Amino acid sequence: MSHRTILIDGDIIVYQQASLHQTDVEWSEGITSTLTFDGQAQKAALDQVERYIELLKADAAIVCLSDAKRNWRKKVFPEYKANRKNVARPILYDRMREILADRYEVSQLPWLEADDLMGLMSTDHSLVKGEAIIVSIDKDMRTVPGKLFNPRKADLGVQQISEEEADLAFYMQVLTGDPTDGYYGVKGIGPKKAEKILLEAEETHQGFWRAIVQAYEAAGMTEGDALVMARVARIIRKGEYDIDTKTVTLWKPKK
């Protein structure tokens, strides 16, 4: 029987539980305190991981956390997540990370986000023993080939994302951007229009890229703009991060 490891998006658990377990109390006009419920937050975070382990009958769990200080995408596109710079982290943010690291195996690599860690370990079978399943509610993880479980769509079970499906989802992301992360793709192109553009393109990597560049140019942008957005949208896969040198190989269109 195959050894099953689940790769859990720890960032979501950290933010979710830290945010849910703090509240502002206004004592009088202009005087406000923030109360945190540490014990409840810790229990909720650990219970969440345990639920995933039990639900998926996992032999092992790896909690993936972003590098809290460095992000390679900001070197490519300085405005990446700039829309969040004035949003304060929940007070229990660091404590939640510590709690998860105390109880479970945690993966963190310099410059990488949790998404990248899950993508890397899901596609590089030398890094994880046996079967690997990504556990995340983030739609970006559909751009990674491999097995995916979305807790918000538990009725779908463990989904197998083929390389072709992952590549198509990635190309769609290049067209639509991701406003949540502060990069916007082509103005006016949403999922339906992006899908139509790609369906009408030649079904090769070169064909998809030509269609993307044409869409960017039609909007008054350049192939260079499209390349920056593609690199930001790319979730790291096998061969795109060197663990020894701690460097990312930026995505390039296939020739």
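Here the structure is shown first, and the text comes after it.
The structure reproduced in this document is the subject of the present report. This structure is a prediction, so every number in the text was calculated from the model and none was measured.

What follows is about the overall build of the protein. When you go through the protein residue by residue, the secondary structure sums to nine helices and 10 strands. For the protein, the C-alpha radius of gyration of 20 Å lies close to 18 Å, the compact-globule estimate for 255 residues. Residues classed as buried in the protein amount to 46% of the 255 residues present. Residue pairs in contact within the protein that sit at least 24 positions apart in sequence constitute 65% of those at least 6 positions apart. As displayed, the protein has an accessible area near 13,900 Å², and 51% of this comes from carbon and sulfur atoms. Measuring between centres, the 35 positive side-chain charges of the protein sit 2 Å from its 40 negative side-chain charges.

This next bit is on the nonpolar core. Ranked by size, the top nonpolar core spans 26 residues in total, and within it Val174, Leu175, Trp209 and Ile212 carry the most contacts. Only helix H6 (163-176), helix H7 (191-199), helix H8 (205-218) and helix H9 (223-233) provide two or more residues apiece to this core. Tallying contributions element by element places H8 first for this core, with seven residues. Residues within four places of Trp209 in sequence aside, it is in contact with Val174, Glu223, Ala226, Leu227, Ala230, Trp251 and Pro253. The next biggest cluster of nonpolar side chains, apart from the first, holds 24 residues, and it includes Tyr52, Leu92, Ile99 and Ile133.

In the contact formed by helix H1 (residues 10-20) and helix H2 (residues 38-55), the axes pass within 9 Å of each other and the chain directions differ by 145 degrees. Regarding H1 and H2, the two cross each other, and that crossing is right-handed. Across the interface between the two elements, Ile13, Gln16 and Gln17 of H1 pack against Ala41, Ala44, Ala45, Gln48, Val49 and Tyr52 of H2. Of the residues belonging to the contact of H1 with H2, the class tally is six nonpolar, three polar and no charged.

Moving on, we get to the pattern of salt bridges. Scanning all chains against the criterion turns up 14 salt bridges. With a closest N to O distance of 3.0 Å, Arg70 and Asp67 form a salt bridge. Taking relative accessible area as the criterion, Arg70 reaches 38% and is therefore assigned partly exposed. Judged by its relative accessible area of 14%, Asp67 is buried.

On to the side chain of Ser107, then. Tracing the backbone through its elements, the reader meets Ser107 in strand E5 (residues 105-107). Every residue in contact with Ser107, bar those within four places of it in the chain, is listed here: Ile62, Val63, Cys64, Leu65, Leu117 and Met121.

This paragraph deals with unusual backbone geometry. At Trp111, a position not held by glycine, the phi torsion is positive, near 80 degrees. With respect to the helices, strands and loops of the structure, Trp111 is situated in the loop between E5 and helix H5 (114-123). For Trp111, a relative accessible area of 24% puts it in the partly exposed group. Phi at Lys246 takes a positive value of approximately 60 degrees, unusual for a residue other than glycine.

What counts as what
Residues numbered from 1 in each chain as written. Predicted model: local features only at pLDDT ≥ 70, side-chain atom pairs only at ≥ 80, totals over all residues. Heavy atoms only, no water. Helix = DSSP H or I, 4+ residues; strand = E, 2+ residues; numbered from the N terminus. Rg over C-alpha atoms; globule rule 2.2 N^0.38 Å. Buried < 20%, exposed > 50% of the residue type's maximum accessible area, 1.4 Å probe, protein only. Contact = heavy atoms within 4.5 Å. Areas by Shrake-Rupley, 256 points an atom, 1.4 Å probe, with all protein chains shown as cover. Lys, Arg positive; Asp, Glu negative; His and termini not counted. Charge placed at Lys NZ, Arg CZ, Asp CG, Glu CD. Core = buried A, V, L, I, M, F, W, Y, C linked by side-chain atoms within 4.5 Å. Axes fitted to C-alpha atoms, helices over the stretch in contact; angles between N-to-C directions. Left-handed = near helix turned anticlockwise from the far one by under 90°. Nonpolar A, V, L, I, M, F, W, Y, C, P; charged D, E, K, R; others polar. Salt bridge = Lys/Arg side-chain N within 4 Å of Asp/Glu carboxyl O.

None of the figures reported here should be taken as evidence of function without further support.
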